Amino acid sequence: MQALLVFLIVAALSLLASSRSLLDPGRFPALAQLAASGLLFLIFGALLGPSLLGVLTARNLESLRPLVALGLGTGGVLLGLNLEPRLLRLLPRPVYAAAVAHAGTAFLFVALPLSVPLLLSMGLRPLVAVGAAALLGAAASLSSGHFAVLGYRNGRLERARGLGVALLTMMDDAVGLGVLALGLVLGATGNAAEGLGLVSLALLLGVACGALLAFLTYSLKDLAEQTTVTLGMVALVGGAAAYLRLSSLLAGVACGATLALMGGRTAERVSRALSRVERPTYLLLVFMVGCHIHARDVSAWALLPAYVGLRFLGKVLGGRFAQRLTAGVLDLPPRFGYALISQGGLALCLVAEYVMLVPGSLSQRVLDVVAVGAVVNEMLAHGAFRHVLAAEPRGPAAPQTPSAGDAGVAA
């Protein structure tokens, strides 16, 4: 009954978010922006969750954990499929250095200062507090390139510069996933060696499922069979990892990366099949993350301004470093750091995975700060991106209408 209620709520919200009147930026610019990015579902989830209206209780959320694991596994597979080995080999070293620079600067700006209040206010072991601060830094390091995509699609941003922004924001996903693995190693069991073993086991599970999926779909010709087998294997990745108390997200990334490494028609078919369920899965996952927010956590609200402000400074400064490192190699827009303020859905995936595998008041606080911070950063990003467009040469521009297809799990 609870699962049926969730699906009905998400279906109703999907129809609402698809309304043309709601998506009209001339009438409701803030709602249109949040609907296009999917974060409107995060707000609705928080309103309907146990901490506010209580339409869904804590017991309901516990019974719906498999849905969260399924969403995380699907998102991980999509992220792994984006790891094109040929593209990664062709990229020059300054591009990698720039990606590390802009993501690493935001990470350090957030993780180092916020580790102090986490350690002092909760009386935790240093390794646990460091792991939680690292997750905050990892979420802060992630950016979404959907504003740049919209910019070059409507002619307000040069295509080469828009693709440069999208490329660097895609590459910083690796930083976030690496820090998630580190946070799970430090906090999942209390023993770093055991945590490392669990993370390695999740990666091995993903590689095995990816190889099995490639074998099962190699000779399939029918599109319906291909889609059925693909969705079944993706569900197996997330479900098996959740059953074994492993990271569904990391297992999914390993599965997708295995398929991308094999290449050929198999990876293309799997990607095409998953693209049909990417948006609904993402919206359901965002809604479920919103339901887990504790809106009455005063300590999380106290950390929120520091998290948002330090991340903003880190992104602006990191953008300057990235521009210097890629001078003459990659065409980036002026004031590149202001194009990195928006956060992608992967930040929500990271904290959702962390709160599932490392339950407790600390991981809950991390989720609250990052989830609410994602909404705030999305609103700040709209104004910040105007600084990027102001430095662009003037040309014919079409009205900027947010597109639902520009926001996804890997946004």
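These numbers were taken from a predicted model, which means no experiment stands behind them.

S.K.: Sorry, what's going on with the overall build of the protein chain here?
M.R.: Helix and strand counts for the protein chain come out as 19 helices and 0 strands. Looking at the 411 residues of the protein chain, the share that counts as buried comes to 54%.

S.K.: Help me understand the confidence of the model for the protein chain, please; the structure alone is not making it clear to me.
M.R.: Looking at the protein chain as a whole, the pLDDT averages 81, with 86% of positions reaching at least 70. Low pLDDT (under 50) marks residues 396–411, which in the prediction has 48 contacts with non-local residues, meaning those over four places away or in another chain.

S.K.: Explain the side chain of asparagine 60 to me, please; I cannot follow it from the model alone.
M.R.: Along the chain, the position of asparagine 60 falls in helix α4 (residues 58–63). The class of asparagine 60 is buried, set by a relative accessible area of 8%.

S.K.: Just to check I follow, could you spell out the nonpolar core for this structure?
M.R.: One recurring pattern in soluble globular proteins is that nonpolar side chains are buried together. Ranked by size, the top nonpolar core spans 75 residues in total, and within it Leu42, Leu136, Leu249, Tyr307 and Leu350 carry the most contacts. Ranked by residues supplied to this core, first place goes to helix α18 (residues 345–357) with 11 residues. Not counting the four nearest positions on each side in its chain, leucine 249 is found in contact with Leu72, Gly75, Gly76, Leu79, Leu177, Leu180, Leu346, Cys349, Leu350 and Glu353. In this structure, Phe147, Val165, Leu168 and Leu340 belong to the second largest nonpolar core, which totals 23 residues.

S.K.: Would you mind showing me how to read the packing of aromatic side chains here?
M.R.: Enumeration over the complete set of coordinates arrives at 2 aromatic pairs. Judged by centre distance (6.0 Å) and plane angle (75°), the ring pair of phenylalanine 312 and tyrosine 338 falls under edge-to-face. Linking phenylalanine 312 in helix α17 (residues 298–325) with tyrosine 338 in the loop between α17 and α18, this pair joins segments that are 26 residues apart in sequence. By relative accessible area, tyrosine 338 is classed as partly exposed at 24%.

S.K.: When you look at the environment of leucine 367 in this model, what are you seeing that I'm missing?
M.R.: Tracing the backbone through its elements, the reader meets leucine 367 in helix α19 (residues 361–390). Residue leucine 367 is classed as buried on the basis of its relative accessible area of 1%. C-alpha separation for the pair leucine 367 and leucine 135, spaced 232 residues apart in sequence, amounts to 9.4 Å.

S.K.: In this structure, what is going on with a nonpolar patch on the surface? I would like to understand it.
M.R.: A cluster of nonpolar side chains, Leu47, Leu52, Leu53 and Val55, forms an exposed patch at the surface whose accessible area comes to about 340 Å². Secondary-structure assignment places valine 55 in the loop between α3 (39–48) and α4.

S.K.: What is the right way to look at helix α10 (residues 159–171) in this model?
M.R.: Spanning 13 residues, α10 covers 18 Å between terminal C-alpha atoms, matching the ideal 18 Å at 1.5 Å per step. Within α10, the full set of buried residues consists of Arg161, Gly162, Gly164, Val165, Leu167, Leu168, Thr169 and Met171.

S.K.: Before we go on, may I ask you to explain the side chain of threonine 74 in this structure?
M.R.: Structurally, threonine 74 can be placed in helix α5 (residues 65–81). Discounting residues that sit within four places of it in the chain, threonine 74 has contacts with Val234 and Thr281.

S.K.: Hey, could you run me through unusual backbone geometry in this one?
M.R.: Comment: phi is negative for the bulk of residues other than glycine, and the bulk of peptide bonds are trans. Positive phi, normally seen in glycine, also occurs at arginine 245, with a value near 60°. Here arginine 245 is to be found in the loop between α13 (223–243) and α14 (248–262). Of the residues examined, arginine 245 reaches a relative accessible area of 43% and is grouped as partly exposed.

S.K.: I tried to follow the packing of helix α9 (residues 146–153) against α19 on my own but got confused; where do I start?
M.R.: Helix-helix packing is described using two parameters, namely the angle between the two axes and the distance between the axes. Contact pair α9 / α19: the axes reach a minimum separation of 11 Å and the direction vectors enclose 40°. Between α9 and α19, the angle is such that the two are oblique. Between α9 and α19 the crossing geometry is right-handed. Every residue of α19 that contacts α9 at His146, Phe147 and Ala148 is listed here: Glu378, Ala381, His382 and Phe385.

Parameters at a glance
Residues numbered from 1 in each chain as written. Predicted model: local features only at pLDDT ≥ 70, side-chain atom pairs only at ≥ 80, totals over all residues. Heavy atoms only, no water. Helix = DSSP H or I, 4+ residues; strand = E, 2+ residues; numbered from the N terminus. Buried < 20%, exposed > 50% of the residue type's maximum accessible area, 1.4 Å probe, protein only. pLDDT = per-residue confidence, 0-100. Contact = heavy atoms within 4.5 Å. Core = buried A, V, L, I, M, F, W, Y, C linked by side-chain atoms within 4.5 Å. Phe/Tyr/Trp six-rings, centres within 6.5 Å; stacked < 30°, edge-to-face > 60°. Patch = residues over 30% accessible without salt bridge, like charges linked within 9 Å, V, L, I, M, F, W, Y side chains within 5 Å. Areas by Shrake-Rupley, 256 points an atom, 1.4 Å probe, with all protein chains shown as cover. Salt bridge = Lys/Arg side-chain N within 4 Å of Asp/Glu carboxyl O. Expected span 1.5 Å × (residues − 1). Axes fitted to C-alpha atoms, helices over the stretch in contact; angles between N-to-C directions. Parallel < 35°, antiparallel > 145°, perpendicular 65-115°, else oblique. Left-handed = near helix turned anticlockwise from the far one by under 90°.

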